[in-house]
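Residues per chain, in single letters:
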Amino acid sequence: MKVLVINAGSSSLKYQLIDMEDESVKAKGLCERIGIEGSKLTHQVPDKDKYVVEAPMPTHNEAIELVLKALVDPEHGVVASVDEIDAIGHRVLHGGMDYTESVKVDADVKRVIRECFDLGPLHNPANLMGIEACEAAMPGKSNVAVFDTAFGMSLKPYAYRYAIPTEYYDKYKIRRYGFHGTSHMFVSAETIKFAELPEGKQRVIVCHLGNGSSISASIAGKAVDTSMGLTPLEGLVMGTRSGDVDPAVVQFIADHEKISVDEVLNILNKKSGVFALSEGMSDFRDLSAASEAGNEKATLALDVFRHKVVKTIGGYMGVLNGVDAIAFTGGIGENDADMRASIMKQFEFAGIKIDAEKNKVRGKRQEISTADSSVRVFVLPTNEELAIARETERLA
Ligand code: AMP
């Protein structure tokens, strides 16, 4: 079976064609500047030069048409005809409380995606456009929606409810949803497989540390807690997102700076995090280099980031009443050995030991704890596209 995986943003569309026979990527690419002048498609087939098409894409429909054209192109394509694509898997940000797992798209699924526009204003409208463009271009083929919020749907009320008046939960579905769900689902399941964790010993903490960061606690692949909330702003300190702050900070800044709540939230989303603390750096490679060169602001940013990660892991150990494996993933989790080592150092008291040699690994699955560590620790690269393709194959 060949699955086309689509991740549609408001002005972009990423795709991968995956052959489920061996889970290999046949082609992948990106449409940029959809609806804006100067749109282009960059198509990449493994071991071949990039193929770039500059053509107008007023809507996602034209973008999908161009993607399909590239996939069947005699020179740059990888299939003889669109008929070889068996199903399409879509990354969808928000499924609200209606969808607790991936689902084949029908009218009701589209209604729910639409109803969640205000919960995911940047993503859900684009995700729906991606689905409708595929329906128009490939009538009759199965489209599957894989929700980023689905993993968090197994949380118990004590983990997902905010302690605010119930009417806001009843009227507006204000609760913790959690995001990066596709990644947490994939990495927790793969950690159980890779570590061969036996039944009853499958308590896993996944640290997805990247430009956006979140941590989940799960048992046998089912989420028990996760650090993001109603929106992806809650939880850890991120590249440009503040993570948790006292909510009173919002009013305080708004009053003193004479700006609106919208403007404050924009600051908390786009101008905060390690970027704000370091005064200009959000990439951890830059932060580490600056910190080593003596830049105190960069050091503070890294320290604040680490402190919050440690508090969250420690909290989740309590939530799970112990832990069998900890996995690091995401750009930072997969590549930043110093950050991994310094986070885990705080758990030496509990008998967790990292093997410095094994911890040098980058972007590849590997156990990084010592043989006598009380908890096994892993680097396990995430692969959200493959997770979406597997869900699509299962349902289509
Ligand atoms: P992601 O959002 O998962 O793609 O992660 C992107 C982030 O990973 C970048 O902003 C960097 O901060 C971080 N990153 C990527 N490569 C490295 C590396 N070699 N060392 C440290 N951080 C890295």
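See the structure shown above.
Residues numbered from 1 in each chain as written. Predicted model: local features only at pLDDT ≥ 70, side-chain atom pairs only at ≥ 80, totals over all residues. Heavy atoms only, no water.

Caption draft 1: Layout of the pattern of salt bridges. Counted by the stated rule, this structure contains 26 salt bridges. In this structure, the salt-bridge partner of aspartate 225 is arginine 176, at a minimum N-O distance of 3.2 Å. Residue aspartate 225 is found in strand S11 (residues 222–226), and its partner arginine 176 is found in the loop between helix H5 (166–172) and helix H6 (181–195); the two are separated by 49 residues along the sequence. Of the two residues, aspartate 225 and arginine 176, neither departs from the other in class, the shared state being buried. When salt bridges with common partners are traced through the structure, they connect Glu23, Glu190, Lys193, Arg365 and Arg390 into a single cluster. (Salt bridge = Lys/Arg side-chain N within 4 Å of Asp/Glu carboxyl O. Helix = DSSP H or I, 4+ residues; strand = E, 2+ residues; numbered from the N terminus. Buried < 20%, exposed > 50% of the residue type's maximum accessible area, 1.4 Å probe, protein only.)

Caption draft 2: The site of the ligand, seen in detail. The immediate surroundings of the ligand are formed by Gly210, Asn211, Ser282, Asp283, Phe284, Arg285, Gly330, Gly331, Ile332, Asn335, Asp336 and Arg362. In the environment of the ligand, a nitrogen atom lies 3.5 Å from a nitrogen or oxygen atom belonging to the side chain of arginine 285. Note that an oxygen atom of the ligand is positioned 2.8 Å from one of the backbone N or O atoms of glycine 331. Its free accessible area being 500 Å², the ligand has 73% of it covered by the protein chains. Where the shell around the ligand is concerned, the elements lending two or more residues are helix H10 (284–292) and helix H12 (330–335). (Near = heavy atom within 4 Å. Polar contact = N/O pair within 3.5 Å; in protein donor to acceptor, adjacent residues only side chain to side chain. Areas by Shrake-Rupley, 256 points an atom, 1.4 Å probe, with all protein chains shown as cover.)

Caption draft 3: Region of the structure containing the environment of alanine 387. Tracing the backbone shows alanine 387 in helix H14 (residues 384–395). You can call alanine 387 buried: its relative accessible area is 3%. Along the primary structure alanine 387 and valine 146 are separated by 241 residues, whereas in three dimensions their C-alpha atoms are 8.9 Å apart. When near neighbours in sequence (up to four residues on either side) are disregarded, alanine 387 contacts Thr182, Met185 and Phe186. (Contact = heavy atoms within 4.5 Å.)

Caption draft 4: Region of the structure containing the side chain of asparagine 124. Checked against the element boundaries, asparagine 124 lands in helix H3 (residues 124–137). A relative accessible area of 0% means that asparagine 124 is categorised as buried. Of note is the side chain of asparagine 124, whose polar atom sits 3.1 Å from the backbone oxygen of isoleucine 113. Those residues within four positions of asparagine 124 in sequence are excluded, and the remaining contacts are Val92, Leu93, His94, Ile113, Cys116 and Phe117.

Caption draft 5: How the structure looks around the pairing of strand S2 (residues 13–19). Where burial is concerned, most of S2 is hidden: six out of the seven residues are buried. As defined by bridge partners, strand S1 (residues 2–8) adjoins S2 across seven bridges and the pair is classed as antiparallel. The residue bridging lysine 2 from the neighbouring strand is aspartate 19, located in S2. Taking the residues that link successive antiparallel strands as the turn, the S1-S2 hairpin has four residues. Direction of pairing for S2 relative to strand S3 (residues 24–32): antiparallel, over a ladder of seven bridges. Looking at the pairing, aspartate 19 lines up with serine 24 of S3. The loop that links S2 with its antiparallel partner S3 comprises four residues; one of these, glutamate 23, has a positive phi angle of about 55 degrees. (Pairing = 2+ DSSP bridges.)

Caption draft 6: Local environment of the sheet that holds strand S7 (residues 103–104). Reading across the sheet, the eight strands line up as S5-S4-S3-S2-S1-S6-S8-S7 and stay open at both edges, with mixed pairing between neighbours. Each end of this open sheet is capped by a strand with a single partner; those strands are strand S5 (51–54) and S7.

Caption draft 7: Layout of the sheet that holds strand S12 (residues 325–329). The strand order S11-S10-S9-S12-S14-S13 describes an open sheet built from six strands, whose pairing is mixed. At either end of the open sheet lies a strand with only one pairing partner, and these are S11 and strand S13 (366–367). The pairing of S12 with strand S14 (residues 376–379) spans four bridges and is parallel. In the strand pairing of S14, alanine 327 is matched with phenylalanine 378. Seen against the sheet, helix H11 (residues 296–319) touches strand S9 (203–209), strand S10 (213–219), S11 and S12 and runs at an angle of roughly 10 degrees to S10. Across the sheet, helix H13 (residues 337–345) is in contact with S9, S12 and S14; its angle to S12 comes to roughly 150 degrees. (Axes fitted to C-alpha atoms, helices over the stretch in contact; angles between N-to-C directions.)

Caption draft 8: Representation of the packing of H11 against H13. Following both chains from N to C, one finds H11 and H13 inclined at 50 degrees, their axes separated by 9 Å at the closest point. The angle between H11 and H13 places the two elements in the oblique class. Crossing of H11 over H13 shows right-handed handedness. Here H11 contributes Leu302, Phe305, Arg306, Val309, Val310 and Ile313 to the contact with H13, which in turn contributes Met339, Ser342, Ile343 and Met344. Among the residues making up the contact of H11 with H13, the classes are represented as eight nonpolar, one polar and one charged. (Parallel < 35°, antiparallel > 145°, perpendicular 65-115°, else oblique. Left-handed = near helix turned anticlockwise from the far one by under 90°. Nonpolar A, V, L, I, M, F, W, Y, C, P; charged D, E, K, R; others polar.)

Caption draft 9: Focus on the packing of aromatic side chains. The final tally for this structure, using the stated rule, is six aromatic pairs. Both rings, one in phenylalanine 194 and one in phenylalanine 378, keep their centres 5.9 Å apart while their planes meet at 75 degrees; by these two values the pair is edge-to-face. Remark: phenylalanine 378 occurs in strand S14 and phenylalanine 194 occurs in helix H6; sequence separation between them is 184 residues. When its relative accessible area of 36% is taken as the criterion, phenylalanine 194 is described as partly exposed. The class of phenylalanine 378 is buried, set by a relative accessible area of 1%. Seen from the ring of tyrosine 169, arginine 161 lies directly overhead, with NZ or CZ sitting 4.3 Å from the centre. (Phe/Tyr/Trp six-rings, centres within 6.5 Å; stacked < 30°, edge-to-face > 60°. Lys NZ or Arg CZ within 6 Å of the ring centre and 35° of its normal.)

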